[in-house]
Amino acid sequence: MLSNEKPIIPLDSCYFLTLNTVDKIDVFTRPAYKQVIADALNYFIDTQGLTIYSWCLMTSHLHLIVRTKEAAAPAYFERDFKKFTTPAILKTVEMEMDFRREWMLRHFEDYRKSLQRKEKFHLWQDCSSPLRIDCKQPRALLDRIAHIHENPVRERIVEQPEAYLFSSARDYAGRQGLVRARVVQQQGLLGMKMLSAN
């Protein structure tokens, strides 16, 4: 659980997070559901000072590389993001003509009951096990970004990463993406350069 004391996080750190839906249910199959996540990421950029270096939304999970404002622990972002997106996703699920709607809502409610939580539905798994990435190690950061962008290719959704709309691969290919990601480019052999968000 989160304590009230904020841990000291190195300012040159960013984090790789994977947020999974409960039991890896394929929630994000419809554009309306996916757009909720893209809009939420932009909201956190605008209101919480979140920096997103990479993201990719798959049907049952969201990959992110982020830096939080004032180097706050990523658990605070994760907690707030899940609280913010859960009701928005559930509202969209109820509005869509999705034949899986009742099944999904029942499953989210049953999962919440198994955890003995007070909210009615539980959409996200609790733990993402954030991985700290030292931004002084550009190769590690760039490798992780490439790994994230290759997800839709590995799943045979698209042939090229930049063809997938719900990913920052578009930004890295010089195209406008749905989320204002900060593009990282390798500069020389040892450094990297951060470019402005779109």
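The structure under discussion appears in the preceding block.
Because the structure is a prediction, the values reported are computed rather than measured. (Residues numbered from 1 in each chain as written. Predicted model: local features only at pLDDT ≥ 70, side-chain atom pairs only at ≥ 80, totals over all residues. Heavy atoms only, no water.)

For this particular structure, what's the right way to read the overall build of the protein?
Tallying secondary structure elements over the protein gives six helices and six strands in all. Secondary structure elements of the protein, listed N to C terminal, follow the sequence β-α-β-β-α-α-β-α-α-α-β-β. Counting across all 198 residues of the protein, residues that qualify as buried make up 47%. Carbon and sulfur atoms provide 51% of the accessible area of the protein, an area that totals close to 10,800 Å². (Helix = DSSP H or I, 4+ residues; strand = E, 2+ residues; numbered from the N terminus. Buried < 20%, exposed > 50% of the residue type's maximum accessible area, 1.4 Å probe, protein only. Areas by Shrake-Rupley, 256 points an atom, 1.4 Å probe, with all protein chains shown as cover.)

Help me out: how do you make sense of the pattern of salt bridges in this one?
Taken as a whole and judged by the stated rule, the model has eight salt bridges. For Asp98, the salt bridge goes to Arg30, with nearest N and O atoms at 3.3 Å. Linking Asp98 in the loop between helix H2 (74–95) and helix H3 (101–115) with Arg30 in the loop between strand S1 (13–20) and helix H1 (31–48), this pair joins segments that are 68 residues apart in sequence. Overall, Arg30 belongs to the partly exposed group, its relative accessible area being 23%. (Salt bridge = Lys/Arg side-chain N within 4 Å of Asp/Glu carboxyl O.)

Is there a simple way to think about the packing of aromatic side chains in this case?
Where two aromatic rings form a pair, the distance of their centres and the angle of their planes describe that pair. Evaluation of the coordinates by the stated rule reveals eight aromatic pairs. Centre to centre, the rings of Phe44 and Phe77 are 5.6 Å apart; their planes meet at 85 degrees, and the pair counts as edge-to-face. In this pair, Phe44 is assigned in helix H1 and Phe77 in helix H2, connecting sequence segments 33 residues apart. Relative accessible area serves as the criterion here: at 4%, Phe44 is assigned to the buried category. Residue class for Phe77 comes out buried when judged on its relative accessible area of 6%. Seen in terms of ring centroids, Phe44 and Phe84 are 5.6 Å apart; in terms of plane orientation they differ by 85 degrees. Their pairing is edge-to-face. (Phe/Tyr/Trp six-rings, centres within 6.5 Å; stacked < 30°, edge-to-face > 60°.)

Would you mind going over the pairing of S1 with me for this structure?
For S1, the buried fraction is high: eight of the eight residues fall into the buried class. Burial of the side chains of S1 extends over both faces: Ser13, Tyr15, Leu17 and Leu19 are buried on one face and Cys14, Phe16, Thr18 and Asn20 on the other. Bridging between S1 and strand S4 (residues 131–134) involves four bridges; their strand directions are antiparallel. Bridged to Cys14 within S4 is Ile133. Bridging between S1 and strand S3 (residues 61–67) involves six bridges; their strand directions are antiparallel. For Tyr15, the partnering residue across the bridge sits in S3 and is Val66. (Pairing = 2+ DSSP bridges.)

Would you mind going over the environment of Cys127 with me for this structure?
Tracing the sequence through the fold places Cys127 in the loop between H3 and S4. Residue Cys127 is classed as exposed on the basis of its relative accessible area of 54%. Between the C-alpha atom of Cys127 and that of Ala75, which follows or precedes it by 52 residues, the distance is 9.0 Å. Residues within four places of Cys127 in sequence aside, it is in contact with Glu78 and Lys82. (Contact = heavy atoms within 4.5 Å.)

Honestly, H1 in this entry has me stumped. Any pointers?
Think of an α-helix as 3.6 residues a turn; residues three or four steps apart then line up on the same face. Look at H1: 25 Å from first C-alpha to last across 18 residues, which is about the 26 Å you get at 1.5 Å a residue. The first or second residue beyond H1 is Gly49, which carries a positive phi of 70 degrees. (Expected span 1.5 Å × (residues − 1).)

Would you mind showing me how to read the packing of H1 against H2 here?
Packed helix pairs are characterised by how far apart their axes lie and by the angle those axes make with each other. It is at 10 Å that the axes of H1 and H2 come closest, and there the two elements cross at 145 degrees. Between H1 and H2 lies a crossing of right-handed hand. Each of Ala32, Tyr33, Val36, Ile37, Ala40, Leu41, Tyr43 and Phe44 in H1 lies in contact with H2, whose residues at this interface are Phe77, Asp80, Phe81, Phe84, Thr85, Ala88, Ile89, Thr92 and Val93. A breakdown of the residues in the contact of H1 with H2 according to their chemical character gives 14 nonpolar, two polar and one charged. (Axes fitted to C-alpha atoms, helices over the stretch in contact; angles between N-to-C directions. Left-handed = near helix turned anticlockwise from the far one by under 90°. Nonpolar A, V, L, I, M, F, W, Y, C, P; charged D, E, K, R; others polar.)

Please clarify how the sheet that holds strand S2 (residues 51–57) should be interpreted in this entry.
Strand pairing in a sheet relies on backbone hydrogen bonds. The paired strands run either parallel or antiparallel. Strand order in this open sheet of four strands is S2-S3-S1-S4, and the pairing throughout is antiparallel. Of all strands in the sheet, those bounded by a partner on one side alone are S2 and S4. Averaged over all pairs of adjacent strands, the angle between strand axes in this sheet comes to 20 degrees, irrespective of strand direction. Strands S2 and S3 of the sheet are contacted by H1, whose axis makes an angle of about 175 degrees with S2.

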